[in-house]
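Below, each chain spelled out in residue letters.
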Amino acid sequence: MTISIICTNKNPEPWYLALKEIDPSLDIQIWPDENNKSVIEFALCWKQPEGILQDYPNLKCICSMGAGIDHLLSDSFFPKNLPVIRLIDPSLAQSMFEYIYTAAMYYLREFDLYQRQKNQIIWEQHQPKAISQTTIGIMGLGKLGEYCARKLSQAGFNIVGWARTKKQIEDVKTYTSEQLEIFVSQTDILICLLPLTPQTVGILNSELFNITPKNSYLINVARGEHLVESDLITALNTGQLKGACLDVFTTEPLPQDHPFWTNDKIVITPHCSSITDPVSVAPQIVQNYRLMQSCKPLMNEVDLQRGY
Ligand code: GLV
């Protein structure tokens, strides 16, 4: 039985080393250089080239190299009869919280304004809005969303959350699908942590921005496809949104001539809000590999119908 690491946009080497560190006897190969694809039963994948999984006749399980699986399913030849598992890791959730907290505070304490003042050598104070007077809305209350909601609430923010189904989280007022308007109408800071599914593509659009309180802030740490990019530019130009912090984009790396690069109201980071650490997730990968070998139920299996 053999594992293959099949990835683009990620370096397979640290993953190989982290897995070998746990169990040096594991047979691990790296795409495209496997010596025999028919012995591969477990594929560790990130943005595999379209159709490539068809080359593995004895594949039994596919494991995402991240929290999301949309990058797997966008392959129209993806073998939908196989179990798919994803990575769930406390360090991913904490890293996401740290990113969001930083972005929220950057907006709240107007660091962009002070940077502009510095460039003009201006010493001028502005009374900041207090955390306790600020409502953060989190779209998506899965593992990451729920963790961030709790931590931001502990930091003193007023938190509202929105998810497809009703969620119970202490000190968080939660809303379901059909309550999007009432949810968004409260959010000084709107955070997207949704899975990418046909229902959530383009959900961050003009219609939504027009319901947010004026001068609110958008943080997108989910997928670029959640956002209608031209609608964001319009919302920033009209002042409906004060700014945005974007970590994900429809095309990554963000093309050099993309208008976001030169927009002063947009903070851009290169999909780094929560980078999977191979050493931290290797134990759960090996555990799932062994469960697969002994035909036992897998951990963190994804519902392919639901898409997350
Ligand atoms: C990152 O975007 C992930 O899905 O882990």
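Summary of the structure given here.

Cut-off values and rules
Residues numbered from 1 in each chain as written. Predicted model: local features only at pLDDT ≥ 70, side-chain atom pairs only at ≥ 80, totals over all residues. Heavy atoms only, no water. Helix = DSSP H or I, 4+ residues; strand = E, 2+ residues; numbered from the N terminus. Buried < 20%, exposed > 50% of the residue type's maximum accessible area, 1.4 Å probe, protein only. Contact = heavy atoms within 4.5 Å. 1 Å grid on protein atoms, 1.4 Å probe; cavity = no way out; pocket = protein on both sides within 12 Å on 5 of 7 lines; lining within 4 Å. Points joined across faces, edges and corners; volume = space filled by probe spheres on them. Nonpolar A, V, L, I, M, F, W, Y, C, P; charged D, E, K, R; others polar. Phe/Tyr/Trp six-rings, centres within 6.5 Å; stacked < 30°, edge-to-face > 60°. Core = buried A, V, L, I, M, F, W, Y, C linked by side-chain atoms within 4.5 Å.

### With respect to the side chain of Gln284
In step 1: By the secondary structure assignment, Gln284 is in helix α9 (residues 278–293).
In step 2: Classification of Gln284 as buried rests on a relative accessible area of 12%.
In step 3: Other than its neighbours up to four places away in sequence, Gln284 contacts Arg86, Leu87, Ile88, Asp89, Met299 and Asn300.

### Let's talk about the layout of surface pockets
In step 1: Of the volumes computed, that of the second largest pocket is approximately 340 Å³.
In step 2: Along its surface, the second largest pocket is lined by 22 residues, and Asp70, His71, Ser74, Leu196 and Glu225 are the ones closest to its centre.
In step 3: If you tally residues by element for the lining of the second largest pocket, the top one is helix α2 (residues 70–73), at three residues.
In step 4: Split into classes, the residues belonging to the lining of the second largest pocket amount to eight nonpolar, eight polar and six charged.

### Topic: the packing of aromatic side chains
In step 1: With the rule as written, the count across this model stands at seven aromatic pairs.
In step 2: With 4.6 Å between their ring centres and 15° between their planes, Tyr107 and Tyr217 make a pair best called stacked. In this pair, Tyr107 is assigned in helix α3 (residues 90–108) and Tyr217 in strand β10 (residues 216–220), connecting sequence segments 110 residues apart. Here Tyr107 and Tyr217 have matching classes, each one buried.

### A short note on the nonpolar core
In step 1: One finds Ile100, Ile136, Ile138, Leu152, Phe157, Ile191 and Ile219 to be the most contacted residues of the largest nonpolar core, which totals 28 residues.
In step 2: Mapped by element, the contributors of at least two residues to this core are α3, β6 (135–139), α5 (143–154), β7 (158–163), β9 (189–192) and β10.
In step 3: Per element, the largest residue contribution to this core is nine residues, and it comes from α3.
In step 4: The residues contacting Ile136, other than those within four sequence positions of it, are Ala104, Leu152, Phe157, Asn158, Ile159, Val160, Ile189 and Ile191.
In step 5: Among the nonpolar cores identified, the runner-up in size contains 26 residues, and Val184, Leu208, Leu254 and Ile266 belong to it.

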